[in-house]
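The primary structure of each chain is shown beneath.
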Amino acid sequence: MNSTILKNTVILEPATQVNLKEYLTVGVKSYCEHYLHLWKDEDPTPYISFGLTKEVVERELQDANALNYLIKMNSKTVGILKLVQNCGIDEISDDDALKAEKIYLLKQHSGKGIGKQVLLFIEDIARKRNKKYIWLDAMQKGNPVHFYQKNGYTIKRESEVTLPNVKPEEKAMWILTKSL
């Protein structure tokens, strides 16, 4: 799989066994920079154990339904992206939907237009796979939900984080969808 260049600055490089350590390092760091406040004692271990360990991502790399990328700018990794190619929600079938499961940028690279470029990439991938919808989860509190809405996503319904040790007042999430 070739790297995809966006706007000549952002490159999405497929995650592989070779760059797995970098994927994990940037993934954990970017997650912690944005989401420690969700966890009791600011300990995100339940989430890291569930989605960002070597064993978990190695399994994802073997799964044809999962697409993992390093987000690079000027040859430096600035974030990670994970997509699930065939992943329906509610009445939307697996065939019709792609899920953006992880879009994490290092804090110092947030607010620079990278996220918007990544969303355009996700739309391109979805269209190439004849998807009718893209969906994702976003915390109800904070700026990401507004970012997604600005980029054409609409709130479908409420959801919540189900992992242990999330602060009760931080569990609330939105499921957002975008029609293509």
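Check the entry above for the structure.
Being a predicted model, the structure only gives us computed values, none of them experimental.

(A) Examining the nonpolar core more closely. Core analysis: the largest hydrophobic core is formed by 27 residues, its most contacted members being Ile71, Leu81, Leu83, Ile103 and Ile122. Counting residues per element, the ones that place at least two in this core are β2 (10–14), β3 (66–73), β4 (76–84), β5 (97–105), α4 (114–128), β6 (133–139) and α5 (144–150). Examining the composition of this core, we find that seven residues originate from one element, α4, more than from any other. Sequence-distant contacts of Leu83, that is, excluding residues within four places in its chain, are made with Asn65, Ala66, Leu67, Tyr69, Leu98, Lys99, Ala100, Glu101, Ile122 and Ile125. Membership of the second largest hydrophobic core comes to 22 residues, among which are Ala15, Trp39, Val161 and Val166.

(B) Main features of the pattern of salt bridges. Scanning the entire structure with this criterion turns up 16 salt bridges. Of the charged contacts, one joins Lys178 and Glu123 as a salt bridge, the two residues approaching to 2.6 Å between their closest N and O atoms. In this pair, Lys178 is assigned in strand β8 (residues 172–179) and Glu123 in helix α4, connecting sequence segments 55 residues apart. Exposure class is identical for Lys178 and Glu123. Each is buried. Through salt bridges with shared partners, a single network forms among Glu60, Lys82, Lys99, Glu101, Lys102 and Asp137.

What counts and what doesn't
The residue count restarts for each chain, going from 1 along the sequence in the order it is written. The predicted nature of this model means local features are confined to residues of pLDDT at least 70 and side-chain atom pairs, given and counted, to a pLDDT of 80 or more, with totals for whole chains, interfaces and linings taken over all residues. Based on all heavy atoms of the structure, the side-chain values leave hydrogens and waters out of the count. Joining through side-chain atoms within 4.5 Å is the link that ties buried Ala, Val, Leu, Ile, Met, Phe, Trp, Tyr and Cys residues into a set, and such a set is a nonpolar core. Three exposure classes are used, based on accessible area relative to the maximum for each residue type with a 1.4 Å probe and protein chains only: buried under 20%, partly exposed in between, and exposed over 50%. Counting from the N terminus, the helices are DSSP H or I runs at least four residues long and the strands are E runs at least two residues long. Any two residues whose heavy atoms approach within 4.5 Å at even a single point are treated as in contact. Salt bridge, as used here, is a side-chain nitrogen of Lys or Arg placed within 4 Å of a carboxyl oxygen of Asp or Glu.

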